[in-house]
There are 4 protein chains.
Amino acid sequence: MSGKIEVGILGATGTVGQEFIAQLRNHPWFTVTWLGASERSAGKTYRDATPWRLPVQRPDRVADLMVERVTPGHAPKLVFSGLDASVAGDVETAFAQAGHVVVSNARNHRMDPLVPLVIPEVNADHLELLGAQSEARGWSGRIVTNPNCSTIMLVMALAPLRQFGLRQVIVSTLQAVSGGGYPGVASLDIVGNVVPLVRGEEPKMETETKKILGQATQDGVEPHPVVVSASTTRVPVINGHTELATVALETDPGQDALVTAMREFVGRPQEAGLPSAPPRPIVYMDEDDRPQPRLDADRDGGMAVCVGRLRPCPVLGYKFVTMGHNTVRGAAGAAVLNAELLKVDGVLD
Amino acid sequence: MSGKIEVGILGATGTVGQEFIAQLRNHPWFTVTWLGASERSAGKTYRDATPWRLPVQRPDRVADLMVERVTPGHAPKLVFSGLDASVAGDVETAFAQAGHVVVSNARNHRMDPLVPLVIPEVNADHLELLGAQSEARGWSGRIVTNPNCSTIMLVMALAPLRQFGLRQVIVSTLQAVSGGGYPGVASLDIVGNVVPLVRGEEPKMETETKKILGQATQDGVEPHPVVVSASTTRVPVINGHTELATVALETDPGQDALVTAMREFVGRPQEAGLPSAPPRPIVYMDEDDRPQPRLDADRDGGMAVCVGRLRPCPVLGYKFVTMGHNTVRGAAGAAVLNAELLKVDGVLD
Amino acid sequence: MSGKIEVGILGATGTVGQEFIAQLRNHPWFTVTWLGASERSAGKTYRDATPWRLPVQRPDRVADLMVERVTPGHAPKLVFSGLDASVAGDVETAFAQAGHVVVSNARNHRMDPLVPLVIPEVNADHLELLGAQSEARGWSGRIVTNPNCSTIMLVMALAPLRQFGLRQVIVSTLQAVSGGGYPGVASLDIVGNVVPLVRGEEPKMETETKKILGQATQDGVEPHPVVVSASTTRVPVINGHTELATVALETDPGQDALVTAMREFVGRPQEAGLPSAPPRPIVYMDEDDRPQPRLDADRDGGMAVCVGRLRPCPVLGYKFVTMGHNTVRGAAGAAVLNAELLKVDGVLD
Amino acid sequence: MSGKIEVGILGATGTVGQEFIAQLRNHPWFTVTWLGASERSAGKTYRDATPWRLPVQRPDRVADLMVERVTPGHAPKLVFSGLDASVAGDVETAFAQAGHVVVSNARNHRMDPLVPLVIPEVNADHLELLGAQSEARGWSGRIVTNPNCSTIMLVMALAPLRQFGLRQVIVSTLQAVSGGGYPGVASLDIVGNVVPLVRGEEPKMETETKKILGQATQDGVEPHPVVVSASTTRVPVINGHTELATVALETDPGQDALVTAMREFVGRPQEAGLPSAPPRPIVYMDEDDRPQPRLDADRDGGMAVCVGRLRPCPVLGYKFVTMGHNTVRGAAGAAVLNAELLKVDGVLD
């Protein structure tokens, strides 16, 4: 452990908190030394505070940690937040005021103009907002967020198309139940069924996409002009959000050039060799019945986004399928990659 | 039984054939008296020829029928075809030549310019093609087809919007496994998974829609100018295709007027009181998480198409969810309703 | 409606309450005129008090009823109880004291020596306990219960074997998620998974079976000497509990005689022609891969118990599969059948 | 690769063949250099011969191999057989005659008195049959088999109880669809359903168990006297067979002693440090709702068998739940572990 950066988890007993612990269990740079949760869990060992619900084994070292209340004070400088949105806003602000670097998966601060909403392959440069954030808010700490899980799978596939002028996107999602947390979606609602709405998800996809693809400025982000229309559904899949996207572009480089752009796409994580970075952020699949959640969600440890079936759309321009692991690339892994970016950019110093 | 019209089933041992038998088991006008299937089944009782795979009980009277080969001769004038596409083309032609009225669910003749492709609520007037069909082909019989199951759920929802000028449609499907027949989709491909392609389905939706909504003329159908872009997926649902549709219209009557148009939509089956007609072809649902296959696919005996979530789409105009029972309204029930229409239109005389 | 017996539902907004309303929607003898639920729902129309979660349409007449608190007073004499076990004990007692006939699906009073635990085909004679119940408790009303859903599928199949001397039963269950109520089992726990425990269910099966098959006496029920060992699991099925049972009998009449006993088994409901009675309580299926929940749970409106695969067991004697609809024959339908029995036995007079 | 033992795969394009390739992709001792399949695939690269259907990436090196016909000649000495039972018997015999060591997952030779049916933790000593096998059959090669996937999960849990005198076992299985191969179980049969029979499985469990636990002698295996009664079902789970077992023992050491025996159980693979051996063959879980396929099937790379809920059974003695990964510990991993045992025992020299 010696030499590793100590990290804390806000909301350690929840679904995302468990995912953080799983994601960090063998991390070369970070080590979990502090767990924060609600009053109900505080004072217990993590083992006693919550049943573990992931196939990955819970590290004994973490199981032995005492859970504390989610107030700043004893937590390490770097904290990951998997807090529920009902409390994340205030708690994360309190930690930032107290000097912590909060890397959050919660939605509360995502659309704050001075909070970077980052997918490291796409808009690593948005971290430059942190200076203005610190100044304007008077925080000695920082808050950095990652997008909603559905947004990430879409924006990753859009990023290599940005050079051709993104104008319009219509996207339909088929989302896994793990995105709803625990207990989350009732089995009576989803076994052998489809629910044609993931509450709150459509506006997030429509606005977050514009911010992430936008231009960071002195006092916020100039949103990208792309117009996004999202329709969301829940399907009986455990992990892996599948999305059917149709895009209108300013210029038409041809189908092959689009596929090549996806295949060759890389970003800061690949250039900097971040530990959680997949070799290629997008795995383009040639088979016409891929990607599939069961076969492809775990690709590159769940950090790759798999794309396939790019073909002309007679209405808008081109359409394709994008799919990725919603609790890894879409949540805990996204935040860990953000933290790795913060480290190489010196924000953790 | 006396007084009922005798009907035959082509492809009686297959999935669609079984659905025909189920759909017709208590029909007030039709009674199944003849079953045709492949060489392998011919000469056996229906009971021995195939295991019954529907929750509905197989009528004993039908179980006792001897299965014959699918050649014209002894079959009644009216035959329903649930034949596999690999043989349906030639067999159905042979029956039409021999004087039978073939009401087919197979895809082979659907795009034939002189074969009506009919959803009775939408384009009952296309039956007028039958005169030209008879003349041009020299058949003493007729062939009438119903659309692909995915097309039906879409076109039913588009029909009431036709008055506002349909320009463009982008649709994503989440299709049930019963659409793939038996054995059909392998369980390893679909349990807890999504397959982002239903092979052959997208072109069908894109072309059949234009024909159904088009204008019947002397020598065929002038296709409707609407441009359709379809993306199809298979999901682990037994019955009920869910579709997420976005439409661009010539004029914008406002969201309420569109919902009203859907609620008030009726067609020939409702006006003529056809036995299989649902009271309203479209059941518009106000709850924002409906329609759902498990709760709504059986609505009105599986003959209603359920629509919900009609709302503005920032890209094209409006978007909504449409869902219906793929083996009832989308296959066997669709064909039976076509046959009922043929009867009241005098085609069976 | 005129002439029908008015009935109330205790716990009308819960899962079992909804099932009661569905089960009674076209009942020839009973009509729902009163709905009781918790403080939270009281004072609202039923339509506003709870979302309806069944594929069967909610009757408009019931949707318009005002929900009242679950206290005696205005309710009709006959009330069905779908109350949660956390409150059912006291509330049902209060109703019985106030003169109501409480037909309960809750577990609280099932093992009370003076409360009949009834499957009408099996132990209709246990109603004779009601005299002692009234006398000992001083109630002007009555409480009658039906067994746990898993117990019913087992005991129905054991009943025709009773004549051969039931000694031992080992049973494994594969239970549907609807048995867990709503929201009940979390989708993360059950999609593509098995949970090898249905909490609290094994002791119920082991004790209720002995009471139902036992001998009613002056002051209770002499339990049947059969020893039952149950292992329970939850599987991703919506409706229909499947159970694998092995039995040791005192005498061995041979496999054919056992099958015949099951096929020919009838009880009071069949003899009295009760409206909810299936023609035969047990549908014995010859196919070696039946019964199956998807194909067979709705048999005879969900009131038949389907049995198959009866064959020798090299350890105990014989083994077989039994399966039935857990929310119909195993819950709401069971209670309605009990009420029908009470009516023909004069208990409702 | 240099220094590794070259191995071939008989039936390389099938489901089990793919699993062998996955299981061997990073093996420290073995390297796949030869692939055999049917006429239809022979002459193609493995990449072109079959679509890859596992989440694990197919090694490029294997994808480039040419597929040959399954005839001896060019194959390495050690071959794994994932052949279908319809051809495995003759082909495996031909390979053994030609001097190959055939490590087979097929059922054909399992009950041959001179073919070891081996779970290395349980009956590694049965390899001593190989001398008699060679002599009696005149083969220069050998055939060694592993049991049916359902048998393995049961026998592994029975092995530590053998010391207390196994008398009777009643077992119910809930089997995953991957056990049925590809395409295998139809999705219409299993989505939201249970099939109460896995054809052919029950006799295998009842006879293989007795052979594996039996005593190897000069001319075969003296079967263990335990009597096994199996009831099998298929459930909508991808990987992981769950089994509910009840056992009668000669002596009763008490519940704690049985749990301890399971926890402390080890065998030859652990003692010899075989590469595929799990640290403990049985992972005993204290939580009362475990093991579960989704959470536990991948434990120790899928090679551990997870057991839980050991408790008294009022009929036989004790009951418990056992669960393991059917295509790893129950098939390909089982055979690889057998091959590792053969190597340390000198059979591959």
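Details of the structure are given in the entry above.
Residues numbered from 1 in each chain as written. Chains lettered and ligands numbered in written order. Predicted model: local features only at pLDDT ≥ 70, side-chain atom pairs only at ≥ 80, totals over all residues. Heavy atoms only, no water.

**Some points on the overall build of chain A**
Definition in use: Labels follow the DSSP assignment, with helices taken as runs of H or I lasting at least four residues and strands as runs of E lasting at least two, numbered in each case from the N terminus. Atoms counted for the radius of gyration: C-alpha only. Globule rule: 2.2 Å times residue count to the power 0.38. For every residue, the accessible area obtained with a 1.4 Å probe (protein chains only) is divided by the maximum for its type, and the residue is called buried under 20%, exposed over 50%, and partly exposed between those limits. Contact between two residues is taken to exist if any of their heavy atoms lie within 4.5 Å; hydrogens are not considered. Here the open area of atoms and residues is found with the Shrake-Rupley method and a 1.4 Å probe, where only the protein chains shown may cover a residue. Asp and Glu count as negative and Lys and Arg as positive, but His and the ends of the chain are not part of the count. Charged side chains are reduced to one point each, which is NZ for Lys, CZ for Arg, CG for Asp and CD for Glu.
Each helix and strand counted, chain A has 13 helices and 14 strands in total. Taken over the C-alpha trace, chain A has a radius of gyration of 19 Å; the compact-globule value for 349 residues is 20 Å, and the two agree within 12%. Each of the three principal axes of chain A carries a C-alpha extent, and together these read 60 × 50 × 35 Å. Residues classed as buried in chain A amount to 66% of the 349 residues present. Within chain A, contacts between residues separated by at least 24 positions form 74% of all contacts whose residues are at least 6 apart in sequence. On chain A, roughly 11600 Å² of surface is accessible, and the fraction owed to carbon and sulfur atoms is 47%. Each charge class in chain A was averaged separately, 32 positive and 38 negative side chains, and the resulting centres sit 4 Å apart.

**As for the relation of the copies chain A and chain B**
Our working definition: When the copies are superposed, the least-squares fit takes in the C-alpha atoms of residues with a pLDDT of at least 70 in both.
Placing chain A over chain B gives an RMSD of 0.0 Å and needs a rotation angle of 180°, together with 0.0 Å of translation along the axis. When the rotation and shift are considered jointly, the pair of chain copies conforms to a two-fold rotation axis.

**Remarks on empty space enclosed by the protein**
Note the following rule: Residues are called lining when one of their atoms sits within 4 Å of a cavity or pocket point, these points coming from a 1 Å grid over the protein atoms alone, where a cavity is a set in which a 1.4 Å probe fits but cannot get out and a pocket is an open set with protein on both sides within 12 Å along at least five of seven lines. Grid points are joined across faces, edges and corners, and a volume is the space filled by probe spheres set on the points. Classification convention: Asp, Glu, Lys, Arg as charged; Ala, Val, Leu, Ile, Met, Phe, Trp, Tyr, Cys, Pro as nonpolar; all other residues, Gly among them, as polar.
For the coordinates displayed, the defined rule picks out five cavities of 30 Å³ or more. Along its surface, the largest cavity is lined by V191, G192 and P236 of chain A, V191, G192 and P236 of chain B, V191, G192 and P236 of chain C together with V191, G192 and P236 of chain D. For the lining of the largest cavity, the class distribution of residues is eight nonpolar, four polar and no charged. Considering only enclosed or pocket space, the second largest cavity measures out at about 60 Å³ in volume.

**With respect to the interface of chain A and chain B**
This is how the line gets drawn: Buried area, as used here, totals the accessible surface that two parts lose on assembly, with accessibility defined by a 1.4 Å probe and the loss added over both. In what follows, salt bridge is the name for a side-chain nitrogen of Lys or Arg lying within 4 Å of a carboxyl oxygen of Asp or Glu. Between N or O atoms, a polar contact is any pair within 3.5 Å; within protein, one atom must be a potential hydrogen donor and the other a potential acceptor, and residues adjacent in sequence are included only when both atoms are from side chains.
Counting residues at the interface gives 45 residues for chain A, matched by 45 residues for chain B. Three residues stand out in chain A for area buried against chain B, namely P196, R294 and V315 of chain A, and they jointly supply 16% of the buried area on that side. Counting across the chain A and chain B interface gives eight salt bridges. Our count for the contact surface shared by chain A and chain B stands at 23 residue pairs in polar contact (both at pLDDT 80 or more). Listed by contribution, the elements that provide at least two residues to the side of chain A that touches chain B are β7 (166-175), α8 (187-190), α9 (201-212), β10 (227-234), β11 (241-249), α12 (293-296), β13 (305-312) and β14 (318-324) of chain A. Of the residues forming the side of chain A that touches chain B, the biggest block, seven residues, is contributed by β10 of chain A. Of the residues belonging to the side of chain A that touches chain B, the class tally is 23 nonpolar, 11 polar and 11 charged.

**Things to note about the packing of aromatic side chains**
Aromatic ring pairs: the centre-centre distance and the angle between the two ring planes describe each pair. For the record, the criterion: For Phe, Tyr and Trp, where Trp contributes only its six-membered ring, two rings pair if their centres lie within 6.5 Å, and the inter-plane angle classes them as stacked under 30 degrees, edge-to-face over 60, or tilted in between. Note on geometry: a ring has a charge over it if NZ (lysine) or CZ (arginine) is within 6 Å of the ring centre and within 35 degrees of the ring normal.
Summed over all chains, the structure comprises 20 aromatic pairs over all chains. Note on Y46 of chain C and W52 of chain C: the rings are 6.4 Å apart at their centroids and 75° apart in plane angle, and the pair reads as edge-to-face. Judged by its relative accessible area of 0%, Y46 of chain C is buried. Chaining the aromatic ring pairs together yields one cluster made of F20, W29, F30 and F80 of chain A. R137 of chain A extends its terminal NZ or CZ atom over the ring of W139 of chain A, reaching a point 5.8 Å from the ring centre. A cation over an aromatic ring shows up here: K343 of chain A above the ring of W29 of chain A, its NZ or CZ 5.1 Å from the ring centre.

**Some remarks on helix α6 (residues 129-137) of chain C**
Residue and element names in this part refer to chain C. Here is the rule we go by: Of all possible arcs, the one meant is that of the directions from the helix axis to the C-beta atoms.
Among the residues of α6, those classed as buried are L129, L130, Q133 and S134. For α6, the angular spread of buried residues about the axis comes to 135°, placing them on one side. Set apart from the buried face of α6 by more than 90 degrees, the exposed residues are E135 and A136. Those residues of α6 hidden inside the fold are in contact with β6 (142-145), β8 (215-217), β9 (220-222) and α13 (328-344).

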